[in-house]
Amino acid sequence: MIEVVITPVANDVKSLIEQSRQDVALAINAEITWLYWQVGKRINDEVLGNERAEYGKQIVQSLSIQLIAEFGKGWGEKQLRQCMQFASAFADEKIVYALRRQLSWTHIRMLIYMDNQIKREFYIELCKLEKWSSRQLKERIQSMLYERTAISKKPERTIQQDLEILKNEQKLNPDLVFRDPYFLDFLGLSDQYSEKDLESSIIAELQRFITELGTDFAFLARQKRITIDDRDYYIDLLFYHRRLKCLVAIDLKIGEFEASYKGQMELYLRYLEKYEQVEGENTPIGLILCTGKNEEHVELMQLDKSNIRVADYLTALPPQKVLQEKLHRAVEIARNRMSMIGDQ
């Protein structure tokens, strides 16, 4: 009986086989995606060439019957309409040609029905950057990640510029990283809890907390002690963000944001900048998590100039419709406020 010995040669061959399989799968997905776009464009061109509204329905039905008979059930009316929507949502052939190797058809299918182009571009770029699976993309969309991200509250032109910089230069604006609110319903906290309870629950569910923060966050310390003039202070949570290349100090608060929180966080950040920041890193960022805040209060304190961000956190999620209304209203208010500032 031959003894099986794992050798470097065997490991190398296995790696070659696995890599080849991945390359083949990527190539097949790219061709399928490209085919779907071409099919959709061809049908759209035919439909647009005829003024009768009923003609579009007829051609899809007829074509579907013919394709199913020759190529199988995968070419039903639903599939053809998805191809048509794909070609409509992504009209630029060059963009599609590049995108077909970056995202799977399953990813793209979730994006084609978004009526907001900027929102769609946001998910595309973040999906490419963080390499989300199709399931992760679905979860991010359902959690309204775009509406919760700081960038959504900026003017559309600013959003487009930041997404272009991310796409072309791989430079990430912090507004694409930080969210408001954060969903911490997975912590399982009761109606009454302390800051210590909140912190302990986060540590116990650290992986899920990092998933909510964003994949580039790396945990460094809990209750990080810093000493200033013989006095000890403690930073609740300290993280490092890989792409922003900076330390992120998180302060956990029960109740609404108060003005005194700013001075406390500024102290933490200046200490980190002086004693912890290393060469090549950017200035530390502070994130204050609380259960409520007055937007005008936060605006007047000009926290952004101190590299401090304030966000709500929710330990129990409201109904989806209520959440959507709240987030859409927050985006609208923020944009109106920025527009008024710009007009001054």
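Just so we're clear, the structure is a prediction, and the values are computed from it rather than from any experiment.

S.K.: So what's going on with the packing of helix 6 (residues 117-130) against helix 9 (residues 156-169)? Residues and values would help.
M.R.: As a packed pair, helix 6 and helix 9 sit with axes 10 Å apart at the nearest point and diverge in direction by 25 degrees. The orientation of helix 6 with respect to helix 9, classified from their angle, is roughly parallel. The interaxial crossing formed by helix 6 with helix 9 has left-handed handedness. Residues Ile 118, Glu 121, Phe 122, Glu 125, Leu 126, Lys 128 and Leu 129 of helix 6 pack against Glu 156, Ile 159, Gln 160, Leu 163, Leu 166 and Lys 167 of helix 9. For the contact of helix 6 with helix 9, the class distribution of residues is seven nonpolar, one polar and five charged.

S.K.: Pulling in residues and values, what's your account of the sheet that holds strand 5 (residues 285-290)?
M.R.: One open sheet accounts for six strands, arranged 1-6-5-4-3-2; its pairing is mixed. The open sheet has two free edges, formed respectively by strand 1 (182-183) and strand 2 (217-228), since each of these has just one partner strand. Looking at chain direction, strand 5 and strand 6 (residues 308-314) are connected through five bridges and run parallel. Of the residues in strand 6, the one forming a bridge with Leu 287 is Arg 309. Across the face of the sheet, helix 10 (residues 195-204) comes into contact with strand 2, strand 3 (231-241), strand 4 (246-252) and strand 6 while running at roughly 140 degrees to strand 2.

S.K.: Can you break down the pattern of salt bridges residue by residue, with the values?
M.R.: With the rule as written, the count across this model stands at 21 salt bridges. Here Arg 135 ties to Glu 139 by a salt bridge, and the two come within 4.0 Å at their closest N and O atoms. Taken as a pair, Arg 135 and Glu 139 lie in helix 7 (residues 134-142) at a separation of four residues, close to a single helical turn. The partly exposed category is assigned to Glu 139, whose relative accessible area is 38%. With a shortest N-O distance of 3.6 Å, Lys 253 and Asp 251 are connected by a salt bridge. Three or more residues are tied together by salt bridges with common partners; here these are Arg 135, Glu 139 and Arg 140.

S.K.: Could you give an account of the environment of Leu 111, naming the residues involved and the relevant values?
M.R.: Tracing the backbone shows Leu 111 in helix 5 (residues 105-111). The sequence separation of Leu 111 and Ile 124 amounts to 13 residues, and the corresponding C-alpha distance is 8.2 Å. With residues near it in sequence (within four places) discarded, Leu 111 still touches Leu 103, Arg 120, Tyr 123, Ile 124, Leu 137 and Ile 141.

S.K.: Tell me what's going on with the packing of aromatic side chains, and back it up with residues and numbers.
M.R.: Any pair of aromatic rings gets described here by the distance separating the centres and the angle formed by the planes. Across all of its chains, the model carries 14 aromatic pairs by this definition. Look at Trp 34 and Trp 37: their rings are 5.4 Å apart centre to centre, the planes differ by 10 degrees, and that puts the pair in the stacked class. Here Trp 34 pairs with Trp 37, and both are found in helix 1 (residues 8-48), just three residues apart, close to one helical turn. Its relative accessible area of 12% is what places Trp 34 among the buried residues.

What counts as what
Residues numbered from 1 in each chain as written. Predicted model: local features only at pLDDT ≥ 70, side-chain atom pairs only at ≥ 80, totals over all residues. Heavy atoms only, no water. Axes fitted to C-alpha atoms, helices over the stretch in contact; angles between N-to-C directions. Helix = DSSP H or I, 4+ residues; strand = E, 2+ residues; numbered from the N terminus. Parallel < 35°, antiparallel > 145°, perpendicular 65-115°, else oblique. Left-handed = near helix turned anticlockwise from the far one by under 90°. Contact = heavy atoms within 4.5 Å. Nonpolar A, V, L, I, M, F, W, Y, C, P; charged D, E, K, R; others polar. Pairing = 2+ DSSP bridges. Salt bridge = Lys/Arg side-chain N within 4 Å of Asp/Glu carboxyl O. Buried < 20%, exposed > 50% of the residue type's maximum accessible area, 1.4 Å probe, protein only. Phe/Tyr/Trp six-rings, centres within 6.5 Å; stacked < 30°, edge-to-face > 60°.

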